[in-house]
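Observations on the model geometry
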Amino acid sequence: MDKIYLFLFTGFRFLIIYTPHVILYTILDFLSYILFSINKKHRKIAKANLDLAYEDTISEDEKNEIIKGCYKNLVYTLADFIRNQGATKEEVLSKVTFKNESFLTKLIKENRKIIIMTAHYGNWELLSLAIAAKLTPLSIVGRDLESDVMNKILTKNREQFDVELLSKTGAMKGMVQALKKNRPVGILVDQNTKNEEGILIDFFGKKARHTPSAAVLAKKFDAVIIPAFIKSIDNENYEIEFFESFEVSNSEDKEKDILECVQKQADITEQVIRSKPNEWFWLHQRWKNQYEHIYK
């Protein structure tokens with residue numbers, strides 16, 4: 001399978017690098033529509049998610065357009081991922097604008113321990129590269145791919161500009177070490193977790209399991225959590241927005257403190273998704289822990 005994955009990736013890379021932009025985006029739009037058409041399994045997952053999250057507050061046509069947009073966002077994110085291989089800091093930053101970056105730089109100047117929380121939203125692969133290229137080195141948590149050859153390509157891309165990639169398996173140890181060195185840690189917090197790993201929170205008005213990792217680390221190390229999300233401006237340009245940071249409360253009820261912090265993470269994630277829903281990864285079974293029946 002590795003040879004097949006490498007062949008497909010090499011072919012797609014050739015397309016991205018050598019096709020004139022005027023033609024390229026027409027081809028990418030066509031590819032995203034093909035994926036939408038043939039990938040019935042994940043299309044149904046996305047529809048189940050949207051039905052649960054929005055119910056009848058938006059039309060079926062609107063839900064369908066969001067799903068199409070989700071596939072388009074994935075194709076465009078992959079295309080930009082390929083462009084970023086071996087890119088300079090200047091090349092990366094030329095397509096990114098920052099909003100409220102002072103929220104982060106202030107914390108850096110104060111020598112605070114920092115946890116940057118985000119989601120599989122917009123061009124999330126570009127987010128850490130751009131932050132590292134302009135603002136600070138950081139350590140990020142990422143899932144290993146099943147293909148060894150593709151995992152090497154992914155890791156090489158993600159570790160540019162002094163970004164340290166921590167495998168999701170056993171990542172807690174790496175995050176602890178990074179925070180002890182005052183190295184910011186980046187965590188994606190928007191996916192389903194198992195009972196023993198997650199905390200029940202409200203997400204789009206429905207119960208969902210949410211990772212408490214950021215909250216637990218923030219409480220243990222007196223760290224601040226700062227949300228950061230990236231969304232597209234057009235086909236090639238993006239905006240990274242930082243939100244006000246927050247800390248875990250320090251009351252006698254530790255579980256309550258953690259729950260409130262985790263709920264705050266879910267709330268800001270939902271707020272961002274609602275602002276532009278077609279850029280979130282709706283293809284994941286986000287509510288499987290509590291609503292497994294909707295995916296059958």
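Before reading on, note that the structure itself is shown above.
Quick caveat, the model's predicted, so the values are computed rather than measured.

Analysis parameters
- Residues numbered from 1 in each chain as written.
- Predicted model: local features only at pLDDT ≥ 70, side-chain atom pairs only at ≥ 80, totals over all residues.
- Heavy atoms only, no water.
- Buried < 20%, exposed > 50% of the residue type's maximum accessible area, 1.4 Å probe, protein only.
- Helix = DSSP H or I, 4+ residues; strand = E, 2+ residues; numbered from the N terminus.
- Contact = heavy atoms within 4.5 Å.
- Patch = residues over 30% accessible without salt bridge, like charges linked within 9 Å, V, L, I, M, F, W, Y side chains within 5 Å.
- Areas by Shrake-Rupley, 256 points an atom, 1.4 Å probe, with all protein chains shown as cover.
- Salt bridge = Lys/Arg side-chain N within 4 Å of Asp/Glu carboxyl O.
- Expected span 1.5 Å × (residues − 1).
- Polar contact = N/O pair within 3.5 Å; in protein donor to acceptor, adjacent residues only side chain to side chain.
- Phe/Tyr/Trp six-rings, centres within 6.5 Å; stacked < 30°, edge-to-face > 60°.
- Lys NZ or Arg CZ within 6 Å of the ring centre and 35° of its normal.

A few words on helix α10 (residues 213-221). Along α10, the residues that are buried comprise Ser213, Ala214, Ala215, Leu217, Ala218 and Phe221. Buried residues along α10 sit in contact with β2 (114-118), α9 (171-180), β5 (185-188), β8 (224-232) and α11 (254-275). In the segment just after α10, aspartate 222 is the residue with positive phi, at about 55°.

The next thing to look at is a nonpolar patch on the surface. Among the surface-exposed residues, Met1, Ile4, Tyr5, Phe7 and Leu8 lie close enough to one another that they form a single nonpolar patch of about 580 Å² accessible area. Position of phenylalanine 7 among the secondary structure elements: in helix α1 (residues 2-18).

A word on helix α2 (residues 21-38). Note that an α-helix has 3.6 residues per turn; residues three or four places apart therefore point the same way. Taking 1.5 Å as the rise per residue, α2 with 18 residues should run 26 Å; its terminal C-alpha atoms sit 26 Å apart, in good agreement. Buried residues along α2 sit against α1, α3 (40-54) and α4 (60-83).

This model, assessed by the stated rule, comprises 22 salt bridges. Lysine 47 is paired through a salt bridge with glutamate 60; the nearest N and O atoms lie 2.9 Å apart. Of this pair, lysine 47 sits in helix α3 while glutamate 60 sits in helix α4, and the two are 13 residues apart along the sequence. Overall, the relative accessible area of 25% leaves lysine 47 in the partly exposed class. Residue classification places glutamate 60 among the partly exposed residues on the basis of a relative accessible area of 46%. Put simply, aspartate 162 and arginine 183 hold a salt bridge, and the shortest N to O gap is 3.1 Å. Separated by 21 residues along the polypeptide, aspartate 162 in the loop between α8 (148-158) and β4 (163-167) and arginine 183 in the loop between α9 and β5 bring together distant segments of the chain. According to the relative accessible area criterion, arginine 183 is buried, its value standing at 18%. One salt-bridge network, in which partners are shared between bridges, spans Lys47, Asp51, Glu60 and Lys63.

Further remarks concern the side chain of glutamate 270. Residue position: glutamate 270 is located in helix α11. A polar atom in the side chain of glutamate 270 sits 2.8 Å from the backbone nitrogen of phenylalanine 204. For glutamate 270, the residues in contact, after removing those within four places along its chain, are Phe203, Phe204 and Gly205.

With that out of the way, let us pick up the environment of isoleucine 199. By the element assignment, isoleucine 199 lies in strand β6 (residues 199-203). A C-alpha to C-alpha distance of 7.8 Å links isoleucine 199 and valine 262, two positions 63 residues apart in sequence.

All right, on to the packing of aromatic side chains then. According to the stated counting rule, one finds 16 aromatic pairs in the structure shown. Their ring planes at 45° and their centres at 6.1 Å tell us that tyrosine 54 and tryptophan 282 sit as a pair that is tilted. Remark: tryptophan 282 occurs in the loop between α11 and α12 (288-291) and tyrosine 54 occurs in helix α3; sequence separation between them is 228 residues. Of the two residues, tyrosine 54 and tryptophan 282, neither departs from the other in class, the shared state being buried. Among the aromatic residues, ring-to-ring pairing joins Tyr54, Phe203, Phe204, Trp280, Trp282 and Trp287 into one connected group. Its end group placed over the ring of phenylalanine 221, lysine 220 keeps NZ or CZ at 5.8 Å from the ring centre. Over the ring of phenylalanine 203 we find arginine 286, and its NZ or CZ is 5.2 Å from the ring centre.

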